Amino acid sequence: MSTIKAKALLKQGKDFHDKESYEKAIDCFRQALKLNPFNHDALFELSKSLIKLENYEETIESLKKALKLSPGNENIFFELGNTYLLLNDYKNAEEIFRDAAKCHPSSLQILKKLADICFFQQKYDIAKKIYQKIFSFKKNDPDVILCLNKIFIKNQEFDESVKLLNYSLQFFPDNIDILYEFSKTNLLQKKFSQTLSILNKIVNLDSKNHVALHDIGKIYYKAKDFDTAISFFKRALSFNKTNGELFLDIGMCYLKLKDLENAEKMLENTIIIDKNNLKALHELGLIYLNKKNYSLAIEFLEKVKQSETGDFNLLSNLALAYSMTGNNSTAITYYEQILTSYAPPVNSGGEVVPEHRGFLNTNKVWLNLAKLYEKVGDFSQARGCYFNFL
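Residues numbered from 1 in each chain as written. Predicted model: local features only at pLDDT ≥ 70, side-chain atom pairs only at ≥ 80, totals over all residues. Heavy atoms only, no water.

Draft legend 1. Geometry of the overall build of the protein. The helix and strand tally for the protein stands at 22 helices and zero strands. The C-alpha atoms of the protein give 32 Å as radius of gyration, which overshoots the globular expectation for 390 residues (21 Å, by more than 25%). Projected onto its principal axes, the C-alpha positions of the protein cover 105 × 45 × 45 Å. Out of the 390 residues belonging to the protein, those deemed buried represent 44%. A separation of at least 24 residues holds for 42% of the contacts in the protein among residues at least 6 apart in sequence. Roughly 21,500 Å² of accessible area belongs to the protein as shown, and the carbon and sulfur atoms make up 50% of that amount. Seen as two clouds, the 52 positive and the 48 negative side-chain charges of the protein have centres 2 Å apart. (Helix = DSSP H or I, 4+ residues; strand = E, 2+ residues; numbered from the N terminus. Rg over C-alpha atoms; globule rule 2.2 N^0.38 Å. Buried < 20%, exposed > 50% of the residue type's maximum accessible area, 1.4 Å probe, protein only. Contact = heavy atoms within 4.5 Å. Areas by Shrake-Rupley, 256 points an atom, 1.4 Å probe, with all protein chains shown as cover. Lys, Arg positive; Asp, Glu negative; His and termini not counted. Charge placed at Lys NZ, Arg CZ, Asp CG, Glu CD.)

Draft legend 2. Structural detail: the packing of aromatic side chains. One pass over the structure, following the stated rule, counts eleven aromatic pairs. Seen in terms of ring centroids, Tyr 90 and Phe 120 are 4.5 Å apart; in terms of plane orientation they differ by 20°. Their pairing is stacked. Here the residue Tyr 90 occupies a position in helix 6 (residues 90-103), and Phe 120 occupies one in helix 7 (residues 108-120), the gap between them amounting to 30 residues. Considering the side-chain rings of Phe 119 and Tyr 124, the 5.4 Å spacing of their centres and the 70° angle between planes classify their relative orientation as edge-to-face. Judged by its relative accessible area of 18%, Phe 119 is buried. Connected via pairs of aromatic rings, a cluster forms that spans Phe 135, Tyr 167, Phe 171 and Phe 172. The ring of Phe 300 has Lys 303 lying over it, and the distance from NZ or CZ to the ring centre is 5.3 Å. (Phe/Tyr/Trp six-rings, centres within 6.5 Å; stacked < 30°, edge-to-face > 60°. Lys NZ or Arg CZ within 6 Å of the ring centre and 35° of its normal.)

Draft legend 3. Geometry of helix 3 (residues 40-52). The terminal C-alpha atoms of helix 3 lie 19 Å apart, and with 13 residues this matches the ideal 18 Å at 1.5 Å per residue to within 8%. All buried positions along helix 3 are accounted for by Ala 42, Leu 43, Phe 44, Glu 45, Leu 46, Ser 47, Ser 49, Leu 50 and Ile 51. Put simply, Asn 39 is the residue that caps the front of helix 3, since its side-chain oxygen is 3.0 Å from the backbone nitrogen of Asp 41. Looking at the residues trailing helix 3, positive phi occurs at Glu 54, about 60°. (Expected span 1.5 Å × (residues − 1). Polar contact = N/O pair within 3.5 Å; in protein donor to acceptor, adjacent residues only side chain to side chain.)

Draft legend 4. Spatial organisation of the pattern of salt bridges. If you walk through the whole model with that rule in mind, you get 16 salt bridges. For Glu 94, the salt bridge goes to Arg 98, with nearest N and O atoms at 2.9 Å. Remark: Arg 98 and Glu 94 occur in helix 6; sequence separation between them is four residues, near one turn of the helix. Asp 116 is the salt-bridge partner of Lys 112, the closest N and O atoms lying 2.8 Å from each other. Here the residue Lys 112 and the residue Asp 116 both occupy positions in helix 7, the gap between them amounting to four residues, near one helical turn. Classification of Lys 112 as buried rests on a relative accessible area of 19%. (Salt bridge = Lys/Arg side-chain N within 4 Å of Asp/Glu carboxyl O.)

Draft legend 5. The side chain of Thr 185, seen in detail. Mapping Thr 185 onto the fold places it in helix 11 (residues 176-188). Overall, the relative accessible area of 0% leaves Thr 185 in the buried class. Once you skip the residues sitting within four places of it in the chain, Thr 185 turns out to touch Asn 149, Ile 153, Phe 158, Ser 161, Val 162 and Leu 165.

Draft legend 6. Broad picture of the confidence of the model for the protein. Per-residue pLDDT for the protein averages 91, and the proportion of residues at 70 or more is 94%. Of all secondary-structure elements in the protein, the lowest mean pLDDT belongs to helix 22 (residues 379-389), at 84, while helix 14 (residues 226-239) reaches the highest, 98. (pLDDT = per-residue confidence, 0-100.)

Draft legend 7. Examining unusual backbone geometry more closely. For Lys 190, which is not a glycine, the phi torsion comes out positive at approximately 60°. Notably, Lys 258 is not glycine yet its phi reads approximately 60°, a positive angle. Looking at where Lys 258 falls in the secondary structure, it is placed in the loop between helix 15 (244-256) and helix 16 (260-273).

Dropping the structure here:
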């Protein structure tokens, strides 16, 4: 009698679960378990309702009990591993799926989860072996193909990548994800014409594919065909208007074409989208410096310096901007910082040490610093700077 009632409660609980009445479902499953504590089906169904309410701790407890009652049960293994993944507990998830793979060495869903977990944890060699095993069972799974190819690219196994993708395109000639992976493989090998051909095929399949359009623009930029690059960047931008990198790339093209007005507009748009884009901030600072808008140049270049220690050119431009605003003391500070960081070491005779002759030439810095010391009336320091300049 209790067995019949337990089965009825189990069925009723499943019905409540299907209707998304999870609390009522849980109540039915718990009543069924009181009648039969060893019912692994009730424990399994209970876990499915518990997880919907994000009660992960009790979900895991129920699944572990169910697994003890039904050792090697693939579905229980799968749900338990997935629950750990929901908690970002990759260590326990991997352990569960490894145990599951021992019991079910040919289960594609188990192997795929295990491979994905290893891939996410950057255990690429292990992931590669598992993906290759899956591929030997099922050669037309796009997800496996893409993950395996990502590992080939990371390992710079380009011949293997080309072989895999050529094979997969026999099954999926118009799969945009696979085509895009193929374009990346060719691009990394600097096969630009092949890359362009594949990217153009993607655009023919999907005219709004802003990623492919962006990449085509980048190839033309590398080839110094800036006008064509701009046209592709703008096409990409029409489908992805909030991409700051596209505005930046268009701005860089205009800079190469010496069209500072349009470059400024594009770079300003980059900053609107991403106020911390260092490249855009730096280039805008240089544009304002060129336009003799020194206060804005300082504002933007200082933002760059807050995030970077400052290279030779950045510090030089800041020093110049401050000197042009009459802030000589700050300009002196930056010039001295350049000399501290970049001046080549000299020997006892005052000559540059041979192995450091590749250092940046700081003669102009010494000269500018000497002039600034003259302006502030420190003639002793000025003479020293002139001596080093000469």
